[in-house]
Amino acid sequence: MNCIIIDDEEAARLIMGQLCRQVDGLDVIEEFPNAIQAIKFLNKESIDLIFLDIHMPDFTGFDFIQTLKNPPKIILTTSDKNFALEAFEYECIVDYLIKPVTLPRFLKAIQKAESTPALDVSASSSSTGEAKGTGSEENDLYINIDRRLIKIDIPTINVIEAKGDYILIKTEKQNYTVHSTLKKIEEKLPEDVFLKVHRSYVINFKKIIDIEDNSVLIAKDVIPVSRSKRPELMRRLNLL
C-alpha cells in the first residue's frame, strides 16, 4: 500500500515513518506538516492510506477529511482519546491510534486497513445525490487563502474575474483573491449554472439582472460578453 503521513510535529512524522518501514509492502510516498499541502498533493496523486493527526493548527484532521472527494483509507494518529466516537462516523477511517504508538498496535491497524474494502465512491455519491466534475451538484468550493482553506457556497458566487496569476471570486457577501486560473476553477463549477463569457470572466448566469448589447449586469458589476460567447449565453437563458 502507498501511504502518506500528515502531522504537524516532526518527531511524530519521524516515528510514524519508522513504523511504516517495518512493514513489507507499505511505502511512504510523502510526509506533510499540514493538511493544506496534503490536499494539493492529493489533487494530483492517488494513494491507498493516510496516517492523519487530528490536532493541527488552522485545519484539523476532520476538516481535512471533509475536503476529500475520493477519500482513501485513513488511520487517525492522536494523543487525544476524546474523538474516537466522532472518528468512526467517517466510512474512510479504519482505525484510531493513540500516541505514543507501539509496533504491535500499529501492526494491528495495518491489518485492519488491509482487510477493509475500499470505499465505493460511486455508490456513495449516487446515494447522496452528489456528482463530480462539470454539472456537479456539490455546493461547496474550498479556496486557499493565507494557508487556510475557506469554504464558499457555490450558488453564492456571482462573478469570477481573471487578474494575471490570480482570480477574483465575487460572492453575494464577500470577495476573495486566489492564486489560480479561470480554467482551473471553471472545471470545478457546475456547467449548468456557470459560463465563461469572456476570456477574463466566468459568470453565474442565474444572477444576471440585465443584458444590454455585449454586456451583462450582475449585482453592481457590468461584465463584458465576447461576440463568440454571446450565442451560447442566449441559448442558456430562459427567454420569453
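What comes next concerns the included structure.

Definitions and cut-offs
- Residues numbered from 1 in each chain as written.
- Predicted model: local features only at pLDDT ≥ 70, side-chain atom pairs only at ≥ 80, totals over all residues.
- Heavy atoms only, no water.
- Helix = DSSP H or I, 4+ residues; strand = E, 2+ residues; numbered from the N terminus.
- Buried < 20%, exposed > 50% of the residue type's maximum accessible area, 1.4 Å probe, protein only.
- Salt bridge = Lys/Arg side-chain N within 4 Å of Asp/Glu carboxyl O.
- Phe/Tyr/Trp six-rings, centres within 6.5 Å; stacked < 30°, edge-to-face > 60°.
- Pairing = 2+ DSSP bridges.
- Axes fitted to C-alpha atoms, helices over the stretch in contact; angles between N-to-C directions.
- Patch = residues over 30% accessible without salt bridge, like charges linked within 9 Å, V, L, I, M, F, W, Y side chains within 5 Å.
- Areas by Shrake-Rupley, 256 points an atom, 1.4 Å probe, with all protein chains shown as cover.
- Lys, Arg positive; Asp, Glu negative; His and termini not counted.
- Charge placed at Lys NZ, Arg CZ, Asp CG, Glu CD.
- Contact = heavy atoms within 4.5 Å.

## Thoughts on the overall build of the chain
Right, so step 1: Summing up its helical and strand segments, the chain has eight helices and 15 strands in all.
Right, so step 2: Among the 240 residues that make up the chain, the fraction classed as buried is 42%.

## Some remarks on the pattern of salt bridges
Right, so step 1: Applying the stated criterion across every chain, the model contains eight salt bridges.
Right, so step 2: For Lys-99, the salt bridge is made with Asp-7, and the minimal N-O distance between the two is 2.6 Å. Residue Lys-99 is found in the loop between strand E5 (93-98) and helix H5 (103-115), and its partner Asp-7 is found in the loop between strand E1 (2-6) and helix H1 (10-20); the two are separated by 92 residues along the sequence.
Right, so step 3: Classification of Lys-99 as partly exposed rests on a relative accessible area of 23%.
Right, so step 4: Overall, Asp-7 belongs to the buried group, its relative accessible area being 3%.
Right, so step 5: As a salt-bridge pair, Arg-105 and Asp-95 come within 2.7 Å of each other at their nearest N and O atoms. Linking Arg-105 in helix H5 with Asp-95 in strand E5, this pair joins segments that are ten residues apart in sequence.
Right, so step 6: Through salt bridges with shared partners, one network takes in Asp-7, Asp-53 and Lys-99.

## A short note on the packing of aromatic side chains
Right, so step 1: Inspection of every chain in the model, using the stated rule, returns three aromatic pairs.
Right, so step 2: Measuring from centroid to centroid gives 5.3 Å for Phe-32 and Phe-41, while their planes differ by 50°, and the two rings are tilted.
Right, so step 3: Of the residues examined, Phe-32 reaches a relative accessible area of 7% and is grouped as buried.
Right, so step 4: For Phe-41, a relative accessible area of 16% gives the class buried.
Right, so step 5: Measuring from centroid to centroid gives 5.5 Å for Phe-51 and Phe-106, while their planes differ by 25°, and the two rings are stacked. Placement of the pair is Phe-51 in strand E3 (residues 49-53) and Phe-106 in helix H5, with a sequence separation of 55 residues. Phe-106 matches Phe-51 in its accessibility class, with the two residues each being buried.

## Quick look at the sheet that holds strand E2 (residues 27-32)
Right, so step 1: Ordered by their spatial adjacency, five strands build an open sheet running E2-E1-E3-E4-E5, and the pairing between neighbours is parallel. With one partner strand each, in any of the chains shown, E2 and E5 form the two edges of the open sheet. The average angle at which neighbouring strand axes cross in this sheet is 20°, direction not considered.
Right, so step 2: The pairing of E1 with E2 spans five bridges and is classified as parallel.

## Brief notes about a negative patch on the surface
Right, so step 1: Residues Glu-10, Glu-30, Glu-31 and Glu-45 make up a contiguous surface patch of negative charge.
Right, so step 2: Positionally, Glu-31 belongs in strand E2.

## Re the pairing of strand E11 (residues 194-198)
Right, so step 1: As paired strands, E11 and strand E12 (residues 201-204) are joined by four bridges and run antiparallel to one another. Bridge pairing links Leu-195 to Ile-203 in E12.

## A word on the environment of Ile-203
Right, so step 1: Looking at where Ile-203 falls in the secondary structure, it is placed in strand E12.
Right, so step 2: As for Ile-203 and Glu-186, which are separated by 17 residues in sequence, their C-alpha atoms are 9.9 Å apart.
Right, so step 3: Ignoring sequence-local partners within four residues, the contact set of Ile-203 consists of Asn-158, Val-193, Phe-194, Leu-195, Val-197, Ile-208, Val-216, Ile-218, Ile-223 and Leu-233.

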